[in-house]
Number of protein chains: 2
Amino acid sequence: MKKLFVVGIGPGSPDSLTIAARTAIESADILVGYGAYIDLVRPLFPQKPTFQTGMTREVDRCREALRLANEGKTVALVCSGDAGVYGMAGLILELRRDFPEVTVEIISGVTAALSGGALLGAPLTHDFAVISLSDLLTPWPLIEKRLLCAAEGDFAIALYNPASHKRPDYLAKACRLLMQHKSPDTVCGYVQNIGRTGERSVVLSLSELETAQVDMFTTVFIGSSQTKVIDGKMVTPRGYRLD
Amino acid sequence: MKKLFVVGIGPGSPDSLTIAARTAIESADILVGYGAYIDLVRPLFPQKPTFQTGMTREVDRCREALRLANEGKTVALVCSGDAGVYGMAGLILELRRDFPEVTVEIISGVTAALSGGALLGAPLTHDFAVISLSDLLTPWPLIEKRLLCAAEGDFAIALYNPASHKRPDYLAKACRLLMQHKSPDTVCGYVQNIGRTGERSVVLSLSELETAQVDMFTTVFIGSSQTKVIDGKMVTPRGYRLD
């Protein structure tokens, strides 16, 4: 049995794994992943052999996971959050044509839009869009277009990868684009280090978000026109009548 | 301690709960929820008292959960999928003003966009939008606008509540709107009864989806222009260079 699990491990704390994710990792002969994600699960499985690569070595990492599975090892490729959402599931399915005997099972996990949303309140209780601001693999004009379309549709929005050392000003650029269709008073929020040391959540307006300092471990939430602040929490109502 | 957990239980199978969700339910004196969702977790906690309501009694259900917590019981309000995404977290935060002593903790879970995506392949590996086709609480013109904006932005899209007895033709209407901006050949898929008896996934084109028969236990996925079929799986590439 040549088996590869692509496992979403959730935001980082050991109890945010699903039982299926934990079982898959337990059953694996070797864990493969980006070092920082391996570190999140290592305390749960201290004896498990690992193969780690750096952050931008995704293709190498996935090929190695498939190669190890093809050798007969049961492999768990770990992704933070969900295995699909900006995760490795897609790349594994693309690369599998070179390893046709490997059976791939994708195990979904709690992506940052959900875990971060729970910390902020309930920002995504109605329709929403998820957009990454990283232009490493996506041309910036397409990101810009998606921001404008999501704003025009009055979606709540979760922004992944809102900034990095090379892109310190992308969140501010995104906020200015969103303000073409959304009010500067739109309720927004961001969360940092979800489920990890330094966890922090902030609720603020879209105009305040434009000048906020965020890093690559941040997920940003932009409200719809209906989003409000209730007792310090960011809430997008579903629309139930309360009287 | 007056404590209310709002718990996302994932799609339905016992191993799709997170460890945090399971722990919260274990710690509760009583489970509150829509009967069909209570039934999903009852086998795990057969001795646990429950308070159940029908499908459209969300406000009553949430008030009762808060009332029971206010009496001193530890309450777990269970939601299918995530606690936030079309779940009860928002409504609880809105209603909590009448129960200021109750502490609310939201525990996120794997929403159908993620669990259904994993069954289909990796449809949401790039930017995506989540839209409910139910117009019980949302005016249809707003749903229509969001469909058009998401299509114009070339988002992959997950559609929740694609049909019901009263709305058998909504998915067909949505497909026709999406085809204003998306090719009829766009790769699509749907999943039914995720993690439950009768689980089924289908990959098809947008024009085929227009005439597909789906029910309220279905989640529908519309690809972006980049989505493709690989070995029968629906895959939206992240954009890695494979050569």
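Relevant structure appears above.
What comes next is a walk through the structure. (Residues numbered from 1 in each chain as written. Chains lettered and ligands numbered in written order. Predicted model: local features only at pLDDT ≥ 70, side-chain atom pairs only at ≥ 80, totals over all residues. Heavy atoms only, no water.)

Residue and element names in this part refer to chain A. Reading across from one edge, S3-S2-S4-S1-S5 is the order of the five strands in this open sheet, with parallel pairing throughout. Looking at the sheet topology across the chains shown, the edges are occupied by strand S3 (50–53) and strand S5 (103–107). Each strand of the sheet is rotated relative to its neighbour by a mean of 20°, with strand direction disregarded. When strand S1 (residues 3–8) meets S5, the two strands line up parallel, connected through five bridges. Looking at the pairing, Phe5 lines up with Glu105 of S5. The sheet strands contacting helix H1 (residues 19–27) are S1, strand S2 (30–34), strand S4 (75–79) and S5, and the helix crosses S1 at an angle near 140°. (Pairing = 2+ DSSP bridges. Helix = DSSP H or I, 4+ residues; strand = E, 2+ residues; numbered from the N terminus. Axes fitted to C-alpha atoms, helices over the stretch in contact; angles between N-to-C directions. Contact = heavy atoms within 4.5 Å.)

Now for the packing of aromatic side chains. Residue and element names in this part refer to chain A. This model, assessed by the stated rule, comprises six aromatic pairs over all chains. A ring pair is formed by Tyr86 and Tyr160, whose centres lie 5.2 Å apart and whose planes are at 50°; its orientation type is tilted. Taken as a pair, Tyr86 in the loop between S4 and helix H4 (89–95) and Tyr160 in strand S8 (residues 156–160) lie far apart in primary sequence, 74 residues in all. Judged on exposure class, the residue Tyr86 and its partner Tyr160 are both buried. Ring geometry for Trp140 and Tyr170: centres 4.8 Å apart, planes at 55°, overall tilted. (Phe/Tyr/Trp six-rings, centres within 6.5 Å; stacked < 30°, edge-to-face > 60°. Buried < 20%, exposed > 50% of the residue type's maximum accessible area, 1.4 Å probe, protein only.)

Looking now at the interface of chain A and chain B. Taken together, the contact pairs 68 residues of chain A with 68 residues of chain B. A per-residue breakdown of the area chain A buries against chain B is headed by Arg146(A), Tyr240(A) and Leu242(A), which together make up 13% of the total. At the junction of chain A and chain B, the tally comes to eight salt bridges. When the shortest N-O distance is used, the salt bridge between Asp231(A) and Arg96(B) registers 3.6 Å. Summed over the shared surface of chain A and chain B, the result is 30 residue pairs in polar contact (both at pLDDT 80 or more). Grouping the amino acids of the side of chain A that touches chain B by side-chain chemistry returns 32 nonpolar, 18 polar and 18 charged. (Buried area = accessible area lost by both parts, 1.4 Å probe. Salt bridge = Lys/Arg side-chain N within 4 Å of Asp/Glu carboxyl O. Polar contact = N/O pair within 3.5 Å; in protein donor to acceptor, adjacent residues only side chain to side chain. Nonpolar A, V, L, I, M, F, W, Y, C, P; charged D, E, K, R; others polar.)

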